[in-house]
Amino acid sequence: MPLITVSDLTLGYESKIIIRNLSFKVERGDYLYIVGENGSGKTTLIKTLLKLQPPVSGKIEYEDGLTRKGIGYLPQQSNIQKDFPATVWEIVLSGRQKKRGLRPFYSSEDRKVANECIRRMELESLIKSSYRDLSGGQQQRVLLARALCTEGDLLILDEPVSGLDPVIMEEMYALVESLNRDGITVVMISHDIAAATRYASHIIHIGEKLFFGTRDEYLNSDTSKWSSAK
């Protein structure tokens with residue numbers, strides 16, 4: 001069974017429908033990009049997949065055992081969050097909260113996993129640094145390490161390269177691609193259609209045109225041609 005199966009999903013808020021009759025599947029190992037115009041409903045779709053808001057109609061099925069505890073999530077940052085007064089270690093370790101449950105303290109296993117995620121994101125030299133003093137790219141790597149701490153089956157990223165300069169953006173893309181090659185299923189919201197057609201295994205395009213399929217199918221579709229012409 002796929003990790004997530006979405007059937008005839010309709011989404012909206014305040015009585016406004018923004019997505020109609022969307023169907024797709026997320027299989028293990030996929031690298032799914034969700035692209036589309038501003039306000040088309042990309043973030044609303046992610047929040048619905050995370051069970052943070054209900055759909056208007058339609059059905060979402062999850063593989064047995066997949067819960068929010070098994071999904072690593074990197075949301076968009078607000079300016080207030082960028083100024084958060086905590087260390088890199090504290091933020092990454094907080095990614096274990098869902099695993100900790102009702103235990104009052106983090107376990108040695110929690111600390112071991114956090115250390116491994118810090119190493120994987122090449123943040124060892126910054127472990128005692130204040131998050132607020134980091135560059136935008138460093139902050140995103142910290143949040144990605146935090147999301148990885150769930151040790152889940154699925155990683156959901158909402159515009160992880162937003163506001164980064166081109167060099168740091170490419171570094172972030174390379175990091176996420178390496179995670180996917182290592183077997184982590186990735187769902188990413190992005191405005192960068194060029195990156196989607198470079199990295200994605202599958203693409204959802206939301207907006208005036210609605211599409212779901214493989215990258216090659218997208219490149220050969222009317223949706224891709226329409227998007228490129230805009």
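Our subject is the structure that appears above.
This text gives an overview of the structure that appears in the document. (Residues numbered from 1 in each chain as written. Predicted model: local features only at pLDDT ≥ 70, side-chain atom pairs only at ≥ 80, totals over all residues. Heavy atoms only, no water.)

Considering the sheet that holds strand S2 (residues 16-26)
At step 1: With antiparallel pairing, three strands are arranged side by side in an open sheet as S2-S1-S4. The two strands at the open ends of the sheet, each matched to only one other strand, are S2 and strand S4 (57-62). Mean inter-strand twist for the sheet, computed between neighbouring axes without regard to direction, equals 25 degrees.
At step 2: Sitting on the sheet, helix H1 (residues 42-49) is in contact with strand S1 (4-13), S2 and S4, with an inclination near 125 degrees to S1. (Pairing = 2+ DSSP bridges. Helix = DSSP H or I, 4+ residues; strand = E, 2+ residues; numbered from the N terminus. Axes fitted to C-alpha atoms, helices over the stretch in contact; angles between N-to-C directions. Contact = heavy atoms within 4.5 Å.)

Describing the state of the cysteines
At step 1: Counted according to the given criterion, the structure contains zero disulfides.
At step 2: There is no disulfide at Cys117, and the cysteine sulfur nearest it, in Cys149, is 3.8 Å away. (Disulfide = S-S within 2.5 Å.)

Looking at a negative patch on the surface
At step 1: Side chains of Glu122, Glu124, Asp165 and Glu171 sit close together on the surface and give a patch of like negative charge.
At step 2: The topology assignment puts Glu171 in helix H7 (residues 166-181).
At step 3: Accessibility expressed as a relative area gives 45% for Glu171, which makes it partly exposed. (Patch = residues over 30% accessible without salt bridge, like charges linked within 9 Å, V, L, I, M, F, W, Y side chains within 5 Å. Areas by Shrake-Rupley, 256 points an atom, 1.4 Å probe, with all protein chains shown as cover. Salt bridge = Lys/Arg side-chain N within 4 Å of Asp/Glu carboxyl O. Lys, Arg positive; Asp, Glu negative; His and termini not counted. Charge placed at Lys NZ, Arg CZ, Asp CG, Glu CD. Buried < 20%, exposed > 50% of the residue type's maximum accessible area, 1.4 Å probe, protein only.)

A word on the packing of helix H6 (residues 136-148) against H7
At step 1: Two elements in contact, H6 and H7, have axes whose closest approach is 10 Å; the angle formed by their N-to-C orientations is 15 degrees. On the basis of the axis angle, H6 is roughly parallel to H7. Crossing handedness for the pair H6 and H7: right-handed. Here Gly137, Gln140, Arg141, Leu144 and Leu148 of H6 lie close against H7, whose contacting residues are Ile168, Met172, Leu175, Val176 and Leu179. (Parallel < 35°, antiparallel > 145°, perpendicular 65-115°, else oblique. Left-handed = near helix turned anticlockwise from the far one by under 90°.)

Looking at the packing of aromatic side chains
At step 1: Under the criterion given, the structure shown has four aromatic pairs.
At step 2: Ring geometry for Phe24 against Phe212: centres 5.8 Å apart, planes inclined by 50 degrees, an arrangement best described as tilted. Here Phe24 is found in strand S2, whereas its partner Phe212 is found in strand S9 (residues 211-214), with 188 residues between them in sequence.
At step 3: Accessibility expressed as a relative area gives 29% for Phe212, which makes it partly exposed. (Phe/Tyr/Trp six-rings, centres within 6.5 Å; stacked < 30°, edge-to-face > 60°.)

Concerning unusual backbone geometry
At step 1: In this model, Asn21 sits at a positive phi of 55 degrees, which is unusual for a non-glycine residue.
At step 2: In this fold, Asn21 is placed in strand S2.
At step 3: Of note in the backbone geometry, Glu159 takes a positive phi value of approximately 50 degrees without being a glycine.
At step 4: Following the sequence through the fold, Glu159 ends up in the loop between strand S6 (154-158) and H7.
At step 5: With a relative accessible area of 9%, Glu159 lands in the buried category.

Topic: the nonpolar core
At step 1: Counting residues in each nonpolar core, the largest one holds 47 residues, and the members touching the most others are Tyr33, Val92 and Leu144.
At step 2: Counting only elements with at least two residues in this core, the list comes to strand S3 (31-36), helix H3 (88-93), helix H5 (108-120), H6, S6, H7, strand S7 (185-189) and helix H8 (193-199).
At step 3: Excluding anything up to four places from it in sequence, Val92 contacts Ala114, Cys117, Ile118, Val142, Ala145, Arg146 and Cys149.
At step 4: Counting 25 residues, the second largest nonpolar core, distinct from the first, contains Leu11, Ile18, Leu22 and Ile156. (Core = buried A, V, L, I, M, F, W, Y, C linked by side-chain atoms within 4.5 Å.)

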